[in-house]
Amino acid sequence: MEVYDAKKTTTEVRQANRRMDNFWVLIISMALVVGLFAIIYFVFFASTPPSVIS
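Residues numbered from 1 in each chain as written. Predicted model: local features only at pLDDT ≥ 70, side-chain atom pairs only at ≥ 80, totals over all residues. Heavy atoms only, no water.

Caption draft 1: Quick peek at the overall build of the protein chain. Each helix and strand in the protein chain was counted, giving three helices and zero strands. For the protein chain, the α and β elements follow one another from N to C terminus as α-α-α. Only carbon and sulfur atoms are counted for the fraction: they give 71% of the accessible area of the protein chain, which is about 5,600 Å². (Helix = DSSP H or I, 4+ residues; strand = E, 2+ residues; numbered from the N terminus. Areas by Shrake-Rupley, 256 points an atom, 1.4 Å probe, with all protein chains shown as cover.)

Caption draft 2: Layout of a nonpolar patch on the surface. Together, Met 20, Phe 23, Trp 24, Ile 27, Ile 28 and Leu 32 line one region of the surface with nonpolar side chains, adding up to about 610 Å² of accessible area. Mapped onto the fold, Trp 24 is located in helix 2 (residues 21-47). (Patch = residues over 30% accessible without salt bridge, like charges linked within 9 Å, V, L, I, M, F, W, Y side chains within 5 Å. Salt bridge = Lys/Arg side-chain N within 4 Å of Asp/Glu carboxyl O.)

Caption draft 3: Highlighting the packing of aromatic side chains. Per the stated rule, a full pass over the model turns up three aromatic pairs. Ring geometry for Tyr 41 against Phe 42: centres 5.4 Å apart, planes inclined by 70°, an arrangement best described as edge-to-face. Phe 42 sits in the exposed class, given a relative accessible area of 54%. Ring geometry for Tyr 41 against Phe 45: centres 6.2 Å apart, planes inclined by 10°, an arrangement best described as stacked. In this pair, Tyr 41 and Phe 45 are both assigned in helix 2, four residues apart and thus about one turn of the helix distant. (Phe/Tyr/Trp six-rings, centres within 6.5 Å; stacked < 30°, edge-to-face > 60°. Buried < 20%, exposed > 50% of the residue type's maximum accessible area, 1.4 Å probe, protein only.)

Encoded structure:
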């Protein structure tokens, strides 16, 4: 069990880093998922015959 260390910063105590790697992974992965669904939607919409749309 670790003991309290007065020399550690709040970032070290939280076991985080200042570059916010988890934040960027979340943002980039969500953008990729949204982009993938948009591509699938537009490909499906483009391949639908015009008679079905109207």
